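Listed below, chain by chain, are the residues.
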Amino acid sequence: MEEFSSLLGGFAVAITPYNLLLMVIGIVLGVIIGVLPGLGGANGVAILLPLTFSMEPTSAIIMLTSIYWGALFGGAITAILFNIPGEPWSVATTFDGHPMAQKGKADEALVGAFTSSFVGAIFAVILITFLAPIIAKFALRFGPAEFFAVQFLTFASFLGMGRGSPFKTLASMCLGFALASVGLDGVTGTLRLTFGHEELLNGFKFLVAVIGLFGIGEILTSMEEGLSFRGATAKLRMDAVIRTWKQLPKMGWTFLRSCIVGCWMGITPGGATPASFMGYGLAKRFSKRGAHFGKGELEGVVAPETAAHAAGTAALLPMLTLGIPGSPTAAVLLGGLLIWGLQPGPLMFVEQKDFVWGLIASMYMGNVVGLVLVLTCVPLFAAILRVPFSIIAPAIVVVCAIGAYTVNNAMFDVWMMLVFGVMGYLFSKLGYPLPPLVLALVLGDQAESSFRQAMLSSQGDVTVFWSNWLCGGIMTLGLVLALWPLVSALLERLRGDDSVRRAA
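First, a word on what this report is: a plain description of the structure on this page. (Residues numbered from 1 in each chain as written. Predicted model: local features only at pLDDT ≥ 70, side-chain atom pairs only at ≥ 80, totals over all residues. Heavy atoms only, no water.)

## With respect to the packing of aromatic side chains
Inference 1: Taken as a whole and assessed by the stated rule, the structure comprises 10 aromatic pairs.
Inference 2: Residues Phe-204 and Phe-420 carry aromatic rings whose centres are separated by 5.5 Å and whose planes lie at 90 degrees to one another, so their mutual orientation is edge-to-face. Here Phe-204, found in the loop between strand S2 (191–192) and helix H9 (206–225), pairs with Phe-420, found in helix H20 (residues 411–430); they are 216 residues apart in sequence, far enough to count as distant. Each member of the pair, Phe-204 as well as Phe-420, is classed as buried.
Inference 3: Taking the centre distance of 5.6 Å and the plane angle of 55 degrees together, the rings of Tyr-280 and Phe-293 count as tilted. Linking Tyr-280 in helix H12 (residues 272–286) with Phe-293 in the loop between H12 and helix H13 (299–314), this pair joins segments that are 13 residues apart in sequence. Taken individually, Tyr-280 and Phe-293 each receive the classification buried, so the pair is uniform in this respect.
Inference 4: Ring pairing ties together the aromatic residues Phe-95, Phe-277, Tyr-280 and Phe-293, which thus form one cluster. (Phe/Tyr/Trp six-rings, centres within 6.5 Å; stacked < 30°, edge-to-face > 60°. Helix = DSSP H or I, 4+ residues; strand = E, 2+ residues; numbered from the N terminus. Buried < 20%, exposed > 50% of the residue type's maximum accessible area, 1.4 Å probe, protein only.)

## Regarding the nonpolar core
Inference 1: Among the nonpolar cores identified, the biggest contains 149 residues, and Phe-114 and Phe-465 are the most heavily contacted of them.
Inference 2: Sort the elements by how many residues they give to this core and helix H4 (residues 57–82) lands first, with 15 residues. (Core = buried A, V, L, I, M, F, W, Y, C linked by side-chain atoms within 4.5 Å.)

## Overview of the environment of Ala-171
Inference 1: Along the chain, the position of Ala-171 falls in helix H8 (residues 166–180).
Inference 2: When the C-alpha positions of Ala-171 and Leu-437 are compared, they lie 8.5 Å apart, and in sequence the two are 266 residues distant.

## A few points about H8
Inference 1: Compared with an ideal rise of 1.5 Å per residue, which puts 15 residues at 21 Å, H8 spans 21 Å between its outermost C-alpha atoms and is within 8% of the ideal.
Inference 2: Listed in full, the buried residues belonging to H8 are Thr-169, Ser-172, Met-173, Gly-176, Leu-179 and Ala-180. Burial along H8 is one-sided: seen end-on, the buried residues are contained in an arc of 115 degrees. (Expected span 1.5 Å × (residues − 1). Arc of directions from axis to C-beta.)

## Quick word on the state of the cysteines
By definition, a disulfide is the covalent link that joins the sulfur atoms of two cysteine residues.
Inference 1: For the structure shown, the criterion picks out 0 disulfides.
Inference 2: The structure places no disulfide on Cys-263, whose sulfur is separated from the nearest cysteine sulfur, that of Cys-259, by 6.3 Å. (Disulfide = S-S within 2.5 Å.)

## Regarding unusual backbone geometry
Inference 1: One non-glycine residue, Leu-193, adopts positive backbone phi at about 55 degrees.
Inference 2: Considering the arrangement of structural elements, one finds Leu-193 in the loop between S2 and H9.
Inference 3: With phi around 55 degrees, Gln-459 is a residue other than glycine that occupies positive phi space.
Inference 4: Among the residues examined, Gln-459 registers a relative accessible area of 76% and is labelled exposed.

## Notes on the side chain of Thr-306
Inference 1: Within the element layout of this structure, Thr-306 appears in helix H13.
Inference 2: Among all residues touching Thr-306, those that are not within four sequence positions of it are Ser-116, Gly-120, Phe-255, Ser-258 and Cys-259. (Contact = heavy atoms within 4.5 Å.)

## A word on the environment of Ala-71
Inference 1: Here Ala-71 lies in helix H4.
Inference 2: Residue classification places Ala-71 among the buried residues on the basis of a relative accessible area of 0%.
Inference 3: Distance from Ala-71 to Val-31, taken between C-alpha atoms, is 4.9 Å for residues 40 residues apart in sequence.

Worth remembering: the numbers are spatial, not functional.
Right, here's the structure in full:
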């Protein structure tokens, strides 16, 4: 009851005309940031941080978090319409979101993405409101071994839960690991696979690779099929929201599962990107229509968006309670708090009570305002597809090039984007899956770092990954999933031998 009364006081702080106006402005700016590939929520918040220096801390943090919510919503727009993820965690949304758009269901995909984003974020905010002290203690248990166990489980889930060829999945993932290892070794300081190119010292940037693999790869595929001088079938159906909402209650377990996965990955902190992949993988495994995933299933949009937004919101919990940012955006927000003279941690809930609960109340309000804004614009977003692709394709290439260039302000990244675009096209033609490559590219470096830190702390003893119930349980589950294709193949072979014997 104490938390509830404090939350009501927070709403009194958040619901003022001035703060509501800041919410709307922040969300609109955030949506624009989310749509532009290569910019990202963390960069957008960092760029706009100076605008808040003259504001009160509560109003400033409300505007910055609203920019964050808007970026979370906006990342799904280009992912669904053009197969270009505006944010790293929107990659999994492209798997079914873009096929839905190609079938003329862009409005349903957008409504599903926006609504599931709202559900995931609200679930995480409720968790922050009532379970902050308990979860903060749990987060302290995670060290390098536990982080590697979570990352290994994410990799293994693609092998164990995928419905395609496990050999192609493994080959794609191994290529991603190889690309992730390029650059300066963080432990020994040696150069790896740079071949004398100074531009590769920092390795391949994830956003450059994603923009090329999905954006340019999609355009190359469309060019092979012939550029259409007609717009796609995008009906302007004003009842899209109601029609899509009628389908969502059937996905209750998907919502709940993705919320739990997302909150766990956000608090630990695993991050929104692996959470979206894991949420998609679990949904594909347990859904009755899992075989149709990748062909335009609404559930394939709901699962990653719910998990990503739950993770992105839950990442603010360790930042507030422990002063440990759970995501790049949370790190930028932490810097803002320190600039305003606020020290995140347990004492802030006592010394700055009005600020903390005003921030938490603004999370509820910001997501509600954001959902209303983006849902009212669904027909406008869907209408973009009516523009002939032969006209919009050059614009997409320009946006992709700008997005790649702004990562490091280097033309080298633009050329690498084109190389990755050709790679994405070849993967599509040869039937190799892109998601495992992307996952390995984004998590490979982190997984290697966690593994080596764990090995150094244990002096090379591999049993460190089973040193406690938490780490051991996650690793064991990961091993079961990784070996599951081999086990299932052996079981099928034994069944076939038995049937042959019975027939004989």
